[in-house]
Amino acid sequence: MDKADLRAYRQWHRDAAVRGMRAGMDIVYVYAAHDLSLPMHFLQRRRNQRTDEYGGSLENRVRLLREVLQDTKEAVGHRCGVALRFATDEFLGPGGVELAEARDIVAMLAELPDLWDVNVAAWYNDSVPSRFAPEGAQEPFIDFVKKATSKPVVGVGRFTSPDTMVSQVRRGVVDFIGAARPSIADPFLPRKIEEGRLDDIRECIGCNICITGDNTITPIRCTQNPSMGEEWRKGWHPERIAPKASDARVLVVGGGPAGLEAARVAAERGHRVVVFEAADQPGGQVRLIAQTKRRSEMIGIIDWRMAQCAARDVEFRFNTWAEAADILALQPDVVIIASGGLPDVPDLPGADLTVSSWDILSGDVKPGQNVLLFDAAGDHVALQAAEKLLEAGATVEVMTPDRSFAPEVMGMNLVPYIRTMQDKPVTFTVTYRLTGVEREGNALKAVVGSDYMPVRKERQVDQVVINHGTQPLADLYFDLKPQSQNLGAVDHEALIAGLPQPKGRGPAGFCLYRIGDAVEARNIHAAIYDALRLLREI
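This structure is a prediction, so every number in the text was calculated from the model and none was measured.

Peer 1: Hey, could you run me through the overall build of the chain in this one?
Peer 2: Scanning the chain from terminus to terminus reveals 21 helices and 20 strands. Projected onto its principal axes, the C-alpha coordinates of the chain cover approximately 80 × 65 × 40 Å. A burial count over the chain gives 52% of its 538 residues as buried. Of all intrachain contacts in the chain linking residues separated by at least 6 positions in sequence, the fraction that spans at least 24 positions is 71%. About 24200 Å² of surface is accessible on the chain, with carbon and sulfur atoms providing 52% of the total. If the 63 positive side-chain charges of the chain are averaged to one point and the 73 negative ones to another, these points end up 4 Å apart.

Below is the structure:
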C-alpha cells in the first residue's frame, strides 16, 4: 500500500463510522484483534515489512491504528463512543503481537479510545471451547490494561458463572464483562443475576456450536438454547412457551438431552410428565462424554434441564427398562421415545475383533499400545477417544474415509484438539477405509481400502477402535407403533409450520413420537431442537 492507499483506507473507515452513527449506533469500534483488520496487520512484524514511517519501530507500526482512532473520534466522537478492540497476544512469538509490546501499545494509546475491549488472538485462542480453557482464562493477558488507562475496560474469556464475572469486576481486572456466548445460551443472563435467579441461568457449556455456523455457512445455533436463531423465523421465545391447549399425561422414555428437553417443555406448558430412564441417573451419551475431564462441563446440558424439571414436578423413574406393557399400564396421552442409540458396528469381516469409541471413553475396555482408530462419523467422540488412548501411552493412527478428518468438529474445537495431540505418537490418515480385521498371532491385521480406487493395505496393531456413529435404539417405538393413535407418524408439514400434530387414524388412545438419536444419529443440539420443536405444540 502506498500513501494514497492509506489515505483512502482512512477515509473509508471514517465514512463507515459516520454511516453507523446515522443508523443510530451508540458505540463505533476500531478493530485491532483476531488478525482480521489492517490496523492489526500493521502491528505485526510478520506482515509489516515497510521501511517508511509506518514500519519498523513499534511507534511506527502503531501509527495507522492511532490515526484511525483519531479519525473516528473526529468523525463521530461528538455523538458516539469510540471503542478499541485490541488483542494483547497472538501466541506466535516475535512474528505476532506479544504481551510485552501490547503493554507498550496500551501505554501509547491509553486515553485515546473511550472504551478498551481487550482479548487475545486469533479467534481460536479467544473463543476457546470449555474443554481446552477454564473460565476467565484471558485474565493474565488483559489485567494490566485497567492499570494503564482511566477509560473503562471490557474483557472476555468464556465466562459462564456469575461468580467468576463478579470476581473480575470486584478485583479491578475489568469494568465490564463481555459475554457473547453466555448471552446466546441465556439472553436474560443480566436480569437473572440482578434478580438473584442464579439457578435459572442456562449456563453456556462452551461447546462452540454457535461459532461453527461461521465455518459451515449455516444459521447460528446453541446447544443449551435451541430457540437461538428462531426468534424471528419461528417466533420462539427462549423463556416463554405457550401453555397447553388441553390436559395431557406425557410419558417420556429416555433421560438424555432430547428426553429431558421434551420433559422440560411439556412440564413448562402444564402437562403431567413421567420420565422412564434405564440407567440410575440421567444424561445418556452426554454423561459418557462428560467422563472425560476436558468435556466435563457438557454435563451442564443435563444439570440445567434436571433442575427445571424438578421445579415443575416431573416424575423420574430411574433403573427402569420400559417395555410396551409398562407404557400402556400408565394410560398416557402422549408417548415420546427418546431412548437414544447404541454404537453402530459396520458390516465388515472381523468386526467382532474391534471395540467401539464408547468402550474406550467409558473405560470398559483398556486402551491398547498400538491402535488403529477408524473414524467414519467425523465427530468429537473419535478425537476424545484418540486423546484418551494417547494419554494411556498408546501409539495411534486416526483413519477416516473422508478427505479431511473430524469434519463435524470445526476449527474452533479442532485447533485445540490438535494442540493436545500433535506432540504425541499420533498419525492422521485421510481417504482410507477399514475393510476388515483378522487375527495374526497375538496381534490384529487391519485391512484397509479406499473409496476412490481398488487398493489393499495392511496395518499390524493390537487394537482396532471404531467410531461409526450410532444406530437408533427404537425397539419400543416399533412395538408401540401399531397401537398408537397416530401410528407413530409425524406430520412434517405441521411440524415445520409450528402447528399441533393431528391425532391420526390409528386406535383411540395415545399418540407416539420419537426424537433425537432414537430416529437417527445427530448431534446434541439437533436432539434438543427435535424435542423443543415437537413439544411446543403437543
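Peer 1: For this particular structure, what's the right way to read the packing of helix 12 (residues 257-268) against helix 21 (residues 524-535)?
Peer 2: The description of two packed helices rests on the angle between their axes and on the distance between the axes. Taken N-terminus to C-terminus, the directions of helix 12 and helix 21 make an angle of 25 degrees; their axes are 8 Å apart at the nearest point. For the element pair helix 12 / helix 21, the angle class is roughly parallel. Of the two possible hands of crossing, helix 12 and helix 21 adopt the one that is right-handed. Contacts between helix 12 and helix 21 involve P257, A258, E261, A262, R264, V265 and A266 from the former and I524, A527, I528, A531, L532 and L535 from the latter.

Peer 1: Would you take a moment to explain the sheet that holds strand 14 (residues 426-430) for this structure?
Peer 2: Pairing between sheet strands relies on hydrogen bonds along the backbone, with the strands arranged either parallel or antiparallel. Strand order in this open sheet of five strands is 11-18-12-13-14, and the pairing throughout is parallel. Only two strands of the sheet have a single partner each, and these edge strands are strand 11 (355-356) and strand 14. Sheet analysis places strand 13 (residues 395-400) next to strand 14, joined by five bridges and oriented parallel. Pairing of E397 across the sheet is with T427, part of strand 14. Along the sheet, helix 17 (residues 380-391) contacts strand 12 (370-375), strand 13, strand 14 and strand 18 (463-467); its crossing angle with strand 12, the most-contacted strand, is approximately 175 degrees.

Peer 1: Got a minute to help me understand the environment of R419 in this structure?
Peer 2: With respect to the secondary-structure elements, R419 resides in helix 18 (residues 411-421). In this structure, the C-alpha to C-alpha distance between R419 and F132, residues 287 residues apart in sequence, is 9.8 Å. With residues up to four places along the chain from it excluded, the contact list for R419 reads Y124 and N125. Engagement of the side chain of R419 in a polar contact is seen with the side chain of N125, the distance being 2.7 Å.

Peer 1: Is there a simple way to think about the nonpolar core in this case?
Peer 2: Soluble globular proteins tend to bury their nonpolar side chains together. Counting residues in hydrophobic clusters, the biggest one holds 41 residues, and the most contacted among them are L65, V76, L84, F86, L109 and W116. Counting residues per element, the ones that place at least two in this core are helix 1 (3-22), strand 1 (27-32), helix 2 (38-43), helix 3 (58-76), strand 2 (81-87), helix 4 (99-109) and strand 3 (115-119). In terms of residues, this core owes the most to one element, helix 3, which gives eight residues. The contacts of L109, once residues within four sequence positions are left out, are V62, L65, R66, L69, L84 and W116. The next biggest cluster of nonpolar side chains, apart from the first, holds 29 residues, and it includes V252, A267, I515 and L534.

Parameters and conventions
- Residues numbered from 1 in each chain as written.
- Predicted model: local features only at pLDDT ≥ 70, side-chain atom pairs only at ≥ 80, totals over all residues.
- Heavy atoms only, no water.
- Helix = DSSP H or I, 4+ residues; strand = E, 2+ residues; numbered from the N terminus.
- Buried < 20%, exposed > 50% of the residue type's maximum accessible area, 1.4 Å probe, protein only.
- Contact = heavy atoms within 4.5 Å.
- Areas by Shrake-Rupley, 256 points an atom, 1.4 Å probe, with all protein chains shown as cover.
- Lys, Arg positive; Asp, Glu negative; His and termini not counted.
- Charge placed at Lys NZ, Arg CZ, Asp CG, Glu CD.
- Axes fitted to C-alpha atoms, helices over the stretch in contact; angles between N-to-C directions.
- Parallel < 35°, antiparallel > 145°, perpendicular 65-115°, else oblique.
- Left-handed = near helix turned anticlockwise from the far one by under 90°.
- Pairing = 2+ DSSP bridges.
- Polar contact = N/O pair within 3.5 Å; in protein donor to acceptor, adjacent residues only side chain to side chain.
- Core = buried A, V, L, I, M, F, W, Y, C linked by side-chain atoms within 4.5 Å.

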